Each structure stands twice: as structure tokens, then as C-alpha cells.
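The lines below spell out each chain.
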Amino acid sequence: MSVGSDDFAAGLLAWFDGAGRHDLPWQHPRSPYRVWLSEIMLQQTQVQVVVPYFERFVAALPDLPALAAASLDEVLALWSGLGYYARARNLHAAARACVERHGGGLPRDFDALLALPGIGRSTAGAILAQAWGERFPILDGNVKRVLCRYHGIEGWPSTPKVERQLWQLAETHLPATRLADYTQAQMDFGATLCTRHAPSCVLCPLQHDCVALRTGRVDALPTPKPAKALPQRHVLVLLLEDREGRVLLQRRPPTGIWASLWSLPEAVDHTEARDWFERHVRGNYDAATAREPIAHGFTHYRLELAPLHWRGVTPAGVVRDNEDLRWTERGELSSLGIPAPIRTLLEAL
DNA sequence: AAACCGGGGGC
DNA sequence: GCCCCAGGTTT
């Protein structure tokens, strides 16, 4: 693929001419300082929110030396309402570093930009491309989404493997000219057309080359972040039947999972289970039958319930039905609040 | 209330 | 170099 003949870049630039944003305040005039400030403000914040803050900020602090000379309090006051205040602290620290190290201007050098607090690879590229028209790619969330769809790339885009691939593609798509427009075009395109939900594929300048559209994968790409592995917990549950086939149920505490529902007595291990058994029923603990464990998923952990089953035990003297413990007929189960996996277990008896 | 996100920081 | 987080907002 030769430089400047890329359909992707050409399509985006043509789209940008007709549908992109050309009147954003950091585009007129387009100075390194204003581009930098806009990029930092835009990092976690949408364009329409940023615009008034940007205008207020540059009115008060129109250039980098002014920012460096301002107090942190003044900068934070101008930032107030934008959120993510670490961005403002980094901005201020970076401005002072530029005064010390670069004569009061933003360096026109990738590594020097990267060394400034708050500027990573994507932001450095955006500044170089927009402020000076240099050929550097960006890779923010919008661009990742567009590239994953266009090339049909599977896998969560923030894994090192996929991210390397995306930077590579971003590099190869760079046009030979109009780097500032191209950079803005990618951001506008991702924000307004190739959106996360319900993208406007019928209007898309890239629709004929988009792998995701061709393969019906638009809604599936980019691959969502994998749910992180949930902690696994294990618990023993005591399934105690008396001679009449009644089951001993215990009311759960009023808070936590299955709050106040009727469930089976629980124990973390056999020592605790034996102890509970001997205090509440008469019978032989070691006569228990281990039943098939039940897996149950919660939003924040997985629970494995390992049932221990006894038949023909008798209540110990101290155990009568009370608010937290009851011997329950089979026919009563349907009228009680019982956690689904426990109910399944009981109905399989 | 859960997903999202560029950069930073810990290992 | 990889993994995870902090800090607010959007869906």
C-alpha cells in the first residue's frame, strides 16, 4: 500500500470535507498550545462539553507561558466542572516543564512530548499531526472502534496483541498530506458516524470496504472487554431430612446474598459442618452422602454449593421451629422464599 | 449500575 | 512490557 493512495484515508477526508467539524475553537487559530489543551480536555470528555471550557481557559491563559505562570489553583478553577482533575495538574506541570526545558514552547518532537506528564503516545501523535501536519497516527477509543470494524479485527482492542496490530494499521493508513484534517476526521467519524451503538453504515464513506459490515459483525466489534474472572467460593450446605421426609431450613441473615430467604444451613468446612450438625440434630455425621455440587453465578463471584445429605435424622432437643429454623414439609416449599439453586436441589430429592 | 477510557504506575 | 487502577460520565 503506497503512501497517499489509501482508500481509508481518502474516504475519511472526503467525508470530513462534507460532514466533519470545521469550526471548533481549537481549529481557529490552530496553535500547538491550543491543540494540546484541546486534546487533554477531550481525553475523557465530549466535544460539546469541552468547547465552552476551552474558550474560557484560553481567554484567561492564552499561551503556554501564561499557563506556566499561573498558580495551580487558578488552573484548577478554570478546569472546575470538567472532572478528572489529574489532567489539569499534569497540564500545569507540563507547561512549567516546557518553560524549563523547551524555552516556553511545546516541543516539536515525539519523545520530548511523550516525556511530558499527561501526554501518551496517542496524544503526542495528535499534537504533532494537528499542530504541525506531521505524519503521526492516533489511537483513541474512536479510532480503535473504526479500525476493528473496518478490518474485522476480533479480540478486545486493549490487549497488547490487538493494540500493536491497530497501531500498525493506523500507521499504514496515514495519508501523505492533510494530517491535521485527517486526525480531526477520525475523531469526528468515530464520534458521529461509526458510533458504538447503531452506526450509520448506510451513510458511511467506507461501507464498501468494511469487513464488519460485509460479515454482519458491526454490532459485535470491537470485541467487548472480557468480564474479569470472578472469584470462586465454596460452601458446604447441610441437607437434613427427618423420618417423615421434612427438611431443615434456615433463614438467611437480613443482609447479603439471598437476604432473609429460607435456605439450607451452611458451613465453610467439615469441622464447622460437624459442629453445626452435633448442636442441632441427632444422628451420625459420617453417614452423610455427598451430592453433586451446584454451581451458581453472581455478578461478583461464583459460588459452588456442595450438599451433604442425611436421611432419618431427628431434631436435637434444643432445636424447635423458630424464626430462623424450621422443619419443612415438601408441600410447603412452593410457598416459601427459597434461592433458586436451593429450590432446584430440594425439588430433586 | 455497568461499561467505558488514555495515561500513569506498579511489578 | 503487561496488568490494573483512578476518576467521572454515558448508556
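The numbers attached to residues start from 1 for each chain and follow its sequence in the written order. Lettering of chains starts at A and numbering of ligands starts at 1, both following the order in which they are written. In keeping with the predicted nature of the model, local features appear solely for residues at pLDDT of at least 70, side-chain atom pairs appear and are counted solely at 80 or more, and the whole-chain, interface and lining totals rest on all residues. Heavy atoms throughout the structure, all of them, feed into the side-chain values; hydrogens and water do not.

## Re the overall build of chain A
For the purposes of this entry, the term helix denotes a DSSP run of H or I that reaches at least four residues, the term strand denotes a run of E that reaches at least two, and both are numbered from the N terminus. A count of helical and extended segments in chain A gives 14 helices and 10 strands. What you see for chain A is a C-alpha radius of gyration of 32 Å, clearly larger than the 20 Å of a compact globule of 349 residues, by over 25%. Structurally, chain A occupies a C-alpha span of about 85 × 50 × 30 Å along its principal axes. A simple rule labels every residue: compare its accessible area, found with a 1.4 Å probe on the protein chains alone, to the largest value its type can have, and call it buried under 20%, exposed over 50%, or partly exposed in between. Looking at chain A residue by residue over its 349 residues, the buried ones come to 46%. Across chain A, the fraction of contacts at a sequence separation of at least 24, relative to all contacts at a separation of at least 6, is 64%. Areas reported here follow the Shrake-Rupley algorithm with a probe of radius 1.4 Å; residue values treat only the protein chains shown as occluding. Accessible surface for chain A amounts to roughly 17400 Å². Of this, 52% is attributable to carbon and sulfur atoms. In this count, Lys and Arg are taken as positive residues and Asp and Glu as negative ones, while His and the chain termini are left out. Charge placement uses NZ in Lys and CZ in Arg. For Asp and Glu, CG and CD serve respectively. Averaged over its 37 positive side-chain charges, chain A has a centre that lies 1 Å from the centre of its 38 negative ones. As defined in this context, the radius of gyration uses C-alpha atoms, and a globule is described by 2.2 Å times the residue total to the power 0.38. Should any heavy atoms of two residues lie within 4.5 Å, those residues are counted as being in contact.

## Quick look at the layout of surface pockets
The computed volume of the largest pocket comes to approximately 900 Å³. Every definition here rests on a 1 Å grid over the protein atoms only: cavities are sets of points where a 1.4 Å probe fits but cannot get out, pockets are open sets enclosed by protein on both sides within 12 Å along at least five of seven lines, and lining residues have some atom within 4 Å of a point. Forming the boundary of the largest pocket are 31 residues, of which L42, Q43, D140, G141 and N142 lie nearest the centre. Those elements that provide at least two residues to the lining of the largest pocket are α2 (32–42), α3 (47–60), α8 (121–132), α9 (141–151) and α11 (179–192). Take the lining of the largest pocket: its biggest share by element is 5 residues, from α9. Classifying every residue of the lining of the largest pocket gives 10 nonpolar, 12 polar and 9 charged. Grid points are joined across faces, edges and corners, and a volume is the space filled by probe spheres set on the points. For this classification, the nonpolar set comprises Ala, Val, Leu, Ile, Met, Phe, Trp, Tyr, Cys and Pro, the charged set comprises Asp, Glu, Lys and Arg, and every other residue, Gly included, is treated as polar.

## Focus: the pattern of salt bridges
Within this document, salt bridges are pairs made up of a side-chain nitrogen of Lys or Arg and a carboxyl oxygen of Asp or Glu, the two lying within 4 Å of each other. Inspection of the entire model under this criterion finds 15 salt bridges. Residue R330 is joined to E241 by a salt bridge in which the shortest nitrogen-to-oxygen separation is 2.7 Å. In this pair, R330 sits in the loop between β10 (325–328) and α14 (340–347) while E241 sits in the loop between β1 (232–240) and β2 (247–251), placing the two residues 89 residues apart along the sequence. We classify R330 as partly exposed; its relative accessible area is 37%. Across the salt bridge formed by R274 and D286, the nearest N and O atoms sit 2.9 Å from each other. Here D286 lies in the loop between β5 (281–282) and β6 (289–290) and R274 lies in helix α13 (residues 270–280), a separation of 12 residues in the sequence.

## Observations regarding the protein's contact with DNA strand C
In the neighbourhood of DNA strand C, the contacting residues comprise Q44, Q46, G83, Y84, Y85, P160, R164, R196 and H197. Whether a residue is near a molecule or strand depends on its heavy atoms: it is near if one of them lies within 4 Å of it. If you look at DNA strand C and keep only atoms within 4 Å of the protein, 62% of those are sugar or phosphate atoms. Nitrogen and oxygen atoms within 3.5 Å of one another constitute a polar contact, given that in protein one can donate a hydrogen and the other can accept it, and given that sequence-neighbouring residues count only through two side-chain atoms. With respect to DNA strand C, the side chain of Q44 contributes an N or O atom lying 3.3 Å from a base nitrogen. With respect to DNA strand C, the side chain of Y84 contributes an N or O atom lying 2.4 Å from a base nitrogen. A per-class count over the surface near DNA strand C returns 3 nonpolar, 4 polar and 2 charged.

## Some points on the packing of aromatic side chains
Classification of ring pairs uses Phe, Tyr and Trp, with its six-membered ring standing for Trp, and accepts pairs whose centres are within 6.5 Å; under 30 degrees between planes counts as stacked, over 60 as edge-to-face, and the remaining range as tilted. Here the structure, examined in full by the defined rule, presents 9 aromatic pairs. Centroid distance Y285 to W310: 5.4 Å. Interplanar angle 45 degrees. Geometry classified as tilted. Of this pair, Y285 sits in the loop between β5 and β6 while W310 sits in strand β8 (residues 302–310), placing them 25 residues apart in sequence. Both residues of the pair, Y285 and W310, count as buried. Charge-over-ring contacts are defined here by two conditions on Lys NZ or Arg CZ: a distance within 6 Å of the ring centre and an angle within 35 degrees of the ring normal. Its end group placed over the ring of W167, R121 keeps NZ or CZ at 3.7 Å from the ring centre. Positioned above the aromatic ring of W262, the side-chain terminus of R326 is 5.6 Å from the ring centre.

## Side note on the packing of helix α1 (residues 7–19) against α11
Angles here are taken between N-to-C directions and fall from 0 to 180 degrees, while the axes themselves are lines fitted to C-alpha atoms, restricted in helices to the stretch in contact. Contact pair α1 / α11: the axes reach a minimum separation of 9 Å and the direction vectors enclose 75 degrees. Considering their axes alone, α1 and α11 lie roughly perpendicular with respect to each other. For the pair α1 and α11, contact is made by F8, A9, L12, L13, W15 and F16 and by D181, Y182, Q184, A185, Q186, D188, F189 and T192, respectively. To sort the angles, those under 35 degrees are grouped as roughly parallel, those over 145 as roughly antiparallel, those from 65 to 115 as roughly perpendicular, and the leftovers as oblique.

## What to know about the environment of R343
Position of R343 relative to the elements: it lies in helix α14. Between the C-alpha atom of R343 and that of G83, which follows or precedes it by 260 residues, the distance is 48 Å. With sequence-adjacent residues up to four places away left out, R343 is seen in contact with L333, S334, L336, G337 and I338.

Note that all results are geometric; they support no functional claim without further evidence.
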